[in-house]
Amino acid sequence: MTDPYITFVSGVQALRRQAEAMSWGIGGALGVAADPYPHQLSNVHRILTDIRIRHLIADEVGLGKTVQALMIINALRWQNPSHRTVIIAPERLIGQWQVEVWTRAHVSAALVWDAEYERIDEQPSIILVRPKDIQDRTFSFDKQSQDLLIIDEPQSISIEIMRKIAAECSG
């Protein structure tokens, strides 16, 4: 159970960040709990204003790829509150993503393999998926209800699973 005070304080901070984000030209991207570096702002701005739909963020370790992804998600959710994102990440990174999504983007991410996921009435705004969930068909990408796909550390995912992802997303 979450401490009600922490939930309240997090909510107040989220509202403050949302108000700050509206004053910049890149929408809700600045609503994340981070002080973005210039290269992050540049990348996020480039992605949000580009007409191409596929991007690769390949910075060095520790330069904030996750923060950039969350900035993009926040900006897209700010433009369209019903925006849905799927994040595919190696199992060892799922816990980190869950914490980052909650503490930085102020959203609770749904875990595909969690029993609670089956009982959710509406599509969650962020879904965390392990490669094995795709391999054993626990999860399949639905282009009609899911708007953005983020793949973390694709080099650690087998080529077979990457082909399944590509087939589902392009077909």
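Above this note sits the structure.
Predicted model only: the values in this text are computed from it and were never measured. (Residues numbered from 1 in each chain as written. Predicted model: local features only at pLDDT ≥ 70, side-chain atom pairs only at ≥ 80, totals over all residues. Heavy atoms only, no water.)

Alternating residues of strand 3 (residues 126–129) divide into Ile-126 and Leu-128 and Ile-127 and Val-129, and every residue in both groups is buried. Of the strand pairs in this sheet, strand 1 (residues 85–88) and strand 3 are connected by four bridges, and their pairing is parallel. In the sheet register, Ile-87 faces strand 3, and the bridge partner there is Leu-128. By the bridge criterion, two bridges tie strand 2 (residues 110–111) to strand 3 in an arrangement that is parallel. Along strand 3, the bridge assignment pairs Leu-111 with Leu-128. (Buried < 20%, exposed > 50% of the residue type's maximum accessible area, 1.4 Å probe, protein only. Helix = DSSP H or I, 4+ residues; strand = E, 2+ residues; numbered from the N terminus. Pairing = 2+ DSSP bridges.)

The subject of this paragraph is the side chain of Arg-130. Tracing the sequence through the fold places Arg-130 in the loop between strand 3 and helix 6 (131–135). One polar contact links Arg-130 to Glu-91, side chain to side chain, over a distance of 3.3 Å. With residues up to four places along the chain from it excluded, the contact list for Arg-130 reads Ala-89, Glu-91, Ile-94 and Trp-113. (Polar contact = N/O pair within 3.5 Å; in protein donor to acceptor, adjacent residues only side chain to side chain. Contact = heavy atoms within 4.5 Å.)

This part is about the pattern of salt bridges. Applying the stated rule across the entire model yields four salt bridges. Two residues, Arg-130 and Glu-91, come together in a salt bridge whose shortest N-O distance is 3.3 Å. Of this pair, Arg-130 sits in the loop between strand 3 and helix 6 while Glu-91 is found in helix 4 (residues 91–105), placing the two residues 39 residues apart along the sequence. Under the relative-accessibility criterion, Arg-130 is labelled buried at 9%. The closest approach of N and O atoms between Asp-133 and Arg-130, which form a salt bridge, is 2.9 Å. (Salt bridge = Lys/Arg side-chain N within 4 Å of Asp/Glu carboxyl O.)

What follows concerns unusual backbone geometry. At His-106, a position not held by glycine, the phi torsion is positive, near 60°. In this structure His-106 comes out as partly exposed when scored by relative accessible area, which is 22%. With phi around 65°, Arg-137 is a residue other than glycine that occupies positive phi space. Relative to the elements of secondary structure, Arg-137 occurs in the loop between helix 6 and strand 4 (148–151).

Taken in spatial order, the four strands of this open sheet run 2-3-1-4, and their pairing is parallel. Both outer strands of the open sheet, strand 2 and strand 4, are each paired with one neighbouring strand and no more. Relative to the sheet, helix 3 (residues 65–79) contacts strand 1, strand 3 and strand 4, its axis offset from that of strand 4 by approximately 175°. Seen against the sheet, helix 4 touches strand 1, strand 2, strand 3 and strand 4 and runs at an angle of roughly 165° to strand 3. (Axes fitted to C-alpha atoms, helices over the stretch in contact; angles between N-to-C directions.)

Take the pairing of strand 4 next. Burial along strand 4 is one-sided: Leu-148 and Ile-150 are buried, while Leu-149 and Ile-151, pointing the other way, are not. Where strand 1 and strand 4 come together, four bridges link them in parallel fashion. The residue bridging Ile-88 from the neighbouring strand is Ile-151, located in strand 4.

The subject of this paragraph is helix 2 (residues 38–49). With 12 residues, helix 2 ought to run about 16 Å at 1.5 Å a step, and its terminal C-alpha atoms sit 16 Å apart, in line with that. Along helix 2, the positions that sit buried rather than exposed are Gln-40, Asn-43, Val-44 and Ile-47. End-on, the buried residues of helix 2 take up no more than an arc of 95°, which puts them together on one face. Exposed positions of helix 2 whose direction lies more than 90 degrees from the buried face are Pro-38 and Thr-49. At its buried positions, helix 2 is contacted by helix 3. (Expected span 1.5 Å × (residues − 1). Arc of directions from axis to C-beta.)

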